[in-house]
Amino acid sequence: MSVRVDHLSIAYRTRSGDVCPVDQVSFSVADGEIMGLAGESGSGKSTLGTSLVYLDMRMKHLGGSVELDGRHLPIDDNRAMRPYRMKQVSLIPQYAMSALNPTRRIRRLIADLLRSHGVRDREVMTELNRRIALVGLDQDVLDRYSFELSGGMRQRVTLLISTLLNPSLLIADEVTSALDVSTQRAVGELLIEFRDRGFSKSLIVITHDLAILAQVADTITVMYAGRLAEKASTGTLIEAPLHPYTQLLLASLPEVGARHDQVTLTGIPGRPPSLANPPDGCRFRDRCPFAFDRCTTVPPFEEVAPGHFVACWKAAA
Amino acid sequence: MTSLLRIDQVSKLYRTSNFGGGVVPALRRVSFDIPGGEVVTLIGESGSGKTTLGRIVLRLTAASSGQVIFSGQDISAFAGPRLREYYRQVQGVFQDPFSSYNPVYRADRVFELVRTSYFPHLPGPQWRDKIEAALRAVALNPADVLGRYPHQLSGGQQQRLLIARALLLDVKLLVADEITSMLDASTRVDILNLLISLKRAGLAILFITHDLSLGHYVSDRTVILRRGVIVEMGDTVEVFGHPRHPYTRNLLTAVPELHKKWRRLDAEATADAGGAARGPDGPDRAAGGPPTSPAVARRGRWPARTPRAAEALEPPPPLVPAGPGHLVAETDP
């Protein structure tokens, strides 16, 4: 097992108490696995991904542990995490498009980053040049400023930088969201290729777009209101989902080939509960057409078939 | 079908800030019709000029040349009461509902602004009835949204409220620019279904999007823009079912689908084109060929943006008929 997350809870401090967007989350990612993490806005997916690399001032580790390659990852201690970042775990944050410092040329940016992580290896730069060609960028990209690059080029540069030291785990948060379909496809395929070439042993790809995950991910985990709803292999999750939320979410996605006069798609009525004061039991209960009295207690996230985990009383029964 | 709005040879040049005053053509001689009561989708990637065209129709940007004809009249000549009359019939809704509202005021203030401009003498009770009718038309419960602040409403509710505002007027054409792209999947489709029901009630919609599957779901006619030039347009079923232009085909194979992998789509598109070599990766990858990097093999397909200033003065490639009501650009713009 490359990554094992066990009952992890992360909270944001607010003036009216802690808000808990990651609540008792447990899952594991195998070596060479691309795990897709899907969810709607406010489901906690970005918080979960970010917390594995960097807890910022607002975030608080409430409990649970993370193991990477069999070793404990001290995510609650920012200073202790520093040696792991970039070398063991790496994050492409959301809005990575604007993450590149506009006042430094890309070459300088990378050199600064490597120096601050104590990497003095000249070979890294040789490897960088090789990878630049691999992702289809020109060498002169290093001598440009970030604002001279198009969105797709910037996204590739951030991908290169974050995997330069071959981390065990790369967390890619919404890397395809602000891109055109054709660029989206190129970046999506690069994620697969980076895994194939071992530039990152495993990946967690966070997005709201299930269709992208259907293309790039090996397994998909669906998150709802701070908890995991379902995890399964991509094929199973798309073709035979068990959690009602996953089913309804898939039913609301239009596909090329679907016309309004042939199929009528339906949305999910209602909206996710507020995390400041979440309801008891299953958090999807209010919007779920199958809810029954047992749903007032929290359903466990259980393995119902090999590799298929669901948190739903109906599905597990 | 009579044309409600005609876009006739519209061009828009933006000046760049370079010394020497370069120009970038955002639109080059774009022409198409929006018939009354139909949904026309304008599809394009970023920089294709789709938003510029929407802004020109709404008179937020002036065209450099060409005309937009609404009910037989050139809209650029409208001013004063005539312009207000135009806005009574043509309204827009934009991408980001969160920034369409002033967070300091209650959300229903957008209705009040319409009232002061268009219904200053309407008595209160009748105005209230009008608002409630408009809210019901967008499937909102008045009690849920009236008197609330924007942050108390979900993105879907905010977007519906803006559509309801347009419905207060005698709107004939709604320009919907990426109105669902900030919404979650579970609420997005409700907005699309709302557009369809409004269309059935006689509203024409210019639906601007980068998302092909959304465009296919809602629209009657589709216009595909690339770098300010129409590459293909026609009946939606025809354009998506039998795409003729290589650019359209490329777009269709890049759309992520739930049940089909990208690679399979590639293989199908190649077969569709009569097995013609479309790229170095098509056939051999479908046959499980050597594990060359697909992304890199495809690198040549989307070249870096070429300097566009030189294109500014060139006429776009002519559109030729390719089927019933289906036009395709002769060459690659």
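So, how was this worked out
Residues numbered from 1 in each chain as written. Chains lettered and ligands numbered in written order. Predicted model: local features only at pLDDT ≥ 70, side-chain atom pairs only at ≥ 80, totals over all residues. Heavy atoms only, no water. Helix = DSSP H or I, 4+ residues; strand = E, 2+ residues; numbered from the N terminus. Rg over C-alpha atoms; globule rule 2.2 N^0.38 Å. Buried < 20%, exposed > 50% of the residue type's maximum accessible area, 1.4 Å probe, protein only. Contact = heavy atoms within 4.5 Å. Areas by Shrake-Rupley, 256 points an atom, 1.4 Å probe, with all protein chains shown as cover. Lys, Arg positive; Asp, Glu negative; His and termini not counted. Charge placed at Lys NZ, Arg CZ, Asp CG, Glu CD. Pairing = 2+ DSSP bridges. Buried area = accessible area lost by both parts, 1.4 Å probe. Polar contact = N/O pair within 3.5 Å; in protein donor to acceptor, adjacent residues only side chain to side chain. Nonpolar A, V, L, I, M, F, W, Y, C, P; charged D, E, K, R; others polar.

Chemist: Sorry, what's going on with the overall build of chain A here?
Modeler: Secondary structure summary: chain A contains ten helices and twelve strands in total. Taken against the 2.2 N^0.38 rule, which gives 20 Å for 317 residues, the C-alpha radius of gyration of chain A at 20 Å falls within 12% of a compact globule. If one aligns the C-alpha atoms of chain A with their principal axes, the spans along those axes are about 65 × 50 × 40 Å. Within the span of chain A, comprising 317 residues, buried residues form 55% of the whole. When contacts within chain A are restricted to residue pairs at least 6 apart in sequence, long-range pairs at least 24 apart make up 64% of them. Working note: accessible area of chain A is about 13,500 Å², and carbon and sulfur atoms make up 50% of it. Across chain A, 36 positive and 36 negative side-chain charges occur, with their mean positions spaced 7 Å apart.

Chemist: Just checking my understanding: could you explain the sheet that holds strand β1 (residues 3-15) of chain B for this structure?
Modeler: Within a sheet, neighbouring strands are paired by backbone hydrogen bonds and run either parallel or antiparallel to one another. Residues and elements named next belong to chain B. Reading across the sheet, the four strands line up as β2-β1-β4-β5 and stay open at both edges, with antiparallel pairing between neighbours. What marks the edges here is a single partner per strand, and that holds for β2 (23-35) and β5 (73-74). Bridge count for β1 against β2 is nine bridges, and the pairing is antiparallel. Paired with R15 across the two strands is V23, which belongs to β2.

Chemist: It is not clear to me how the interface of chain A and chain B should be interpreted in this structure. Could you clarify?
Modeler: One frequent convention defines the size of an interface as the accessible area lost when the parts assemble. Contact with chain A, which involves 44 residues of that partner, is made by 49 residues of chain B. Interface of chain A and chain B: buried area, both sides summed, is about 4,100 Å²; carbon and sulfur atoms make up 55% of it. Summed over the shared surface of chain A and chain B, the number is 19 residue pairs in polar contact (both at pLDDT 80 or more). Of all the elements in the fold, those that place two or more residues in the side of chain A that touches chain B are α4 (122-134), α6 (181-196), α7 (210-216), α8 (234-239) and α9 (244-251) of chain A. In terms of residues, the side of chain A that touches chain B owes the most to one element, α6 of chain A, which gives nine residues. Residues that form the side of chain A that touches chain B fall into these classes: 21 nonpolar, twelve polar and eleven charged.

Chemist: I tried to follow the environment of L27 of chain B on my own but got confused; where do I start?
Modeler: Residues and elements named next belong to chain B. As for its placement among the helices and strands, L27 is situated in strand β2. Of the residues examined, L27 reaches a relative accessible area of 0% and is grouped as buried. Sequence separation between L27 and G92 is 65 residues, and the spatial gap between their C-alpha atoms is 20 Å. Those residues in contact with L27 that sit more than four places away from it in its chain are V10, S11, K12, S48, G49, T52, L53, I56, L225 and G228.

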